[in-house]
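# What the coordinates show
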Amino acid sequence: MAELVDWSRRTQGKGVSAPSLTLNWSDLIHFKRTFTDPVPKRTEQGFAQAGITMHHGRAHFVDRTSVQVDQDILVGRHVVIATGARHATLGIPGEEYLTTSTQFLDLDTLPRRIVFVGGGYIAFEFAHIAAHAGAQVQVLHRGSQPLEKFDPDLVSLLVQATQELGVEVHVKRAVTAIERQQDRLLVHARTEEQQYTIEADLIVHAAGRVPEIDDLDLEVADVAREQAGVSVNDYLQSVTNPAVYAAGDAVGSSGFPLTPVAGMQAGIVAKNLLEGQPTHPEL
Ligand SMILES: Cc1cc2nc3c(=O)[nH]c(=O)nc-3n(C[C@H](O)[C@H](O)[C@H](O)COP(=O)(O)OP(=O)(O)OC[C@H]3O[C@@H](n4cnc5c(N)ncnc54)[C@H](O)[C@@H]3O)c2cc1C
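The numbers attached to residues start from 1 for each chain and follow its sequence in the written order. Restriction of local features to residues with pLDDT of at least 70 applies here, the model being predicted, together with a cutoff of 80 or more for giving and counting side-chain atom pairs; totals for whole chains, interfaces and linings are based on all residues. To get the side-chain values, all heavy atoms of the structure are used, and hydrogens and water are removed first.

### Some words on the pairing of strand β3 (residues 72-75)
Should DSSP find at least two bridges between two strands, the strands are taken to pair. Only runs of H or I of at least four residues qualify as helices and only runs of E of at least two qualify as strands under DSSP, and these elements are numbered from the N terminus. Where strand β2 (residues 66-69) and β3 come together, 4 bridges link them in antiparallel fashion. Across the sheet, residue V69 finds its bridge partner in β3, namely D72. Linking two consecutive strands that pair antiparallel, namely β2 and β3, is a turn of 2 residues; a positive phi of about 50 degrees is found at D70 within it.

### Remarks on the domain arrangement of the chain
One can read the domain layout of the chain as domain 1 (1-54), domain 2 (77-86 + 214-275) and domain 3 (95-207). Just the C-alpha atoms count here: the centres of domain 2 and domain 3 sit 32 Å apart. The start and end points of each domain follow an automatic or database-based domain assignment.

### Remarks on the layout of surface pockets
The distinction between a cavity and a pocket rests on a 1 Å grid over the protein atoms alone: a 1.4 Å probe fits inside a cavity but cannot get out, while a pocket stays open yet meets protein on both sides within 12 Å along at least five of seven lines, and a residue with an atom within 4 Å of a point counts as lining. Grid points are joined across faces, edges and corners, and a volume is the space filled by probe spheres set on the points. Roughly 1100 Å³ of internal volume is contained in the second largest pocket. Looking at the second largest pocket, it is lined by 25 residues, and the ones nearest its centre are T53, A59, V67, L74 and V80. Elements with a contribution of two residues or more to the lining of the second largest pocket: β1 (59-63), β2, β3 and β4 (79-81). Per-element accounting of the lining of the second largest pocket gives the leading share, 3 residues, to β4. A class-by-class count of the residues in the lining of the second largest pocket yields 14 nonpolar, 7 polar and 4 charged. Shared between two domains, the lining of the second largest pocket holds at least three residues of each, these being domain 1 (1-54) and domain 2 (77-86 + 214-275). Nonpolar residues are Ala, Val, Leu, Ile, Met, Phe, Trp, Tyr, Cys and Pro. Charged residues are Asp, Glu, Lys and Arg, and all others, Gly as well, are polar.

### Some remarks on the environment of V39
Its location among the elements puts V39 in helix α3 (residues 39-49). Overall, V39 belongs to the partly exposed group, its relative accessible area being 35%. Separated by 105 residues in the primary sequence, V39 and S144 have C-alpha atoms spaced 39 Å apart. Partly exposed residues are those whose accessible area sits between 20% and 50% of the maximum for their type, while under 20% is buried and over 50% is exposed, using a 1.4 Å probe and protein chains only.

Here is the structure:
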């Protein structure tokens with residue numbers, strides 16, 4: 001939708017005339033819910049038809065091949081860890097005032113002044129939508145180049161297009177604290193030279209994600225991990241417990257944390273488990 005508005009603005013004076021086309025945030029979120037809300041029920045029905053039982057709750061290991069979900073102990077010949085990622089803990093005062101990406105995509109109305117902490121693809125994607133919906137947007141990035149893993153030439157073009165949209169993109173800005181004062185939020189940040197403060201109505205956490213494996217009790221199952229996720233061999237099998245596999249954002253060496261990568265890895269794990277013919281992601 002933001003792309004549609006952007007196209008119409010960029011074609012003004014070139015034969016297309018729709019000068020007041022804007023993005024209506026409330027309508028957009030309402031529309032989004034029409035196709036996201038039915039997904040859990042539909043997925044669960046599909047699982048039931050395929051003979052897959054679903055348990056709701058947080059799972060953790062109780063031995064090498066068993067996990068507990070609430071009061072149920074589930075014993076498997078194999079266990080697949082596919083717990084994804086969560087927002088990184090920043091360890092700054094007032095962190096609890098940050099809005100997560102999930103909460104952002106569920107806002108009924110969009111506040112006027114929005115600050116994104118972190119300059120990755122989530123910040124840029126959301127910043128463009130928010131700016132098209134009329135918000136005043138700032139992106140604060142700690143490093144010297146946003147979207148560090150991406151091609152620098154393409155990133156410069158994106159930053160330029162983002163600034164032309166009215167979004168302020170600031171690099172070398174480390175957010176040191178968040179403060180709530182009545183109906184406004186304050187972002188305390190520092191550059192290399194000085195400390196300063198920005199007022200905002202909403203501050204969004206876009207400062208990185210980490211594998212969601214801390215409360216899985218991996219040590220009980222002898223499943224080794226590294227900072228980036230579960231340690232696996234070429235076949236996505238735990239390097240310390242061959243009964244355990246992992247796929248997606250929870251994997252240490254998965255490369256880009258993206259949906260197609262997670263889907264591809266899930267297919268490989270399923271093949272390795274069901275067909276018993278070791279396959280690895282490069283094949
Ligand atoms: C805002 C945002 C935008 C993104 N945009 C894109 C994009 O445009 N393109 C793209 O390719 N990727 C995008 N991604 C990344 C993509 O969402 C992930 O790479 C992908 O979802 C990873 O899939 P997964 O199955 O590993 O984990 P997830 O999809 O995160 O699923 C993991 C599930 O496990 C559950 N879980 C966690 N711990 C436990 C536990 N202990 N017990 C039981 N359940 C648990 C979680 O609640 C979650 O439901 C985006 C991510 C975010 C946050």
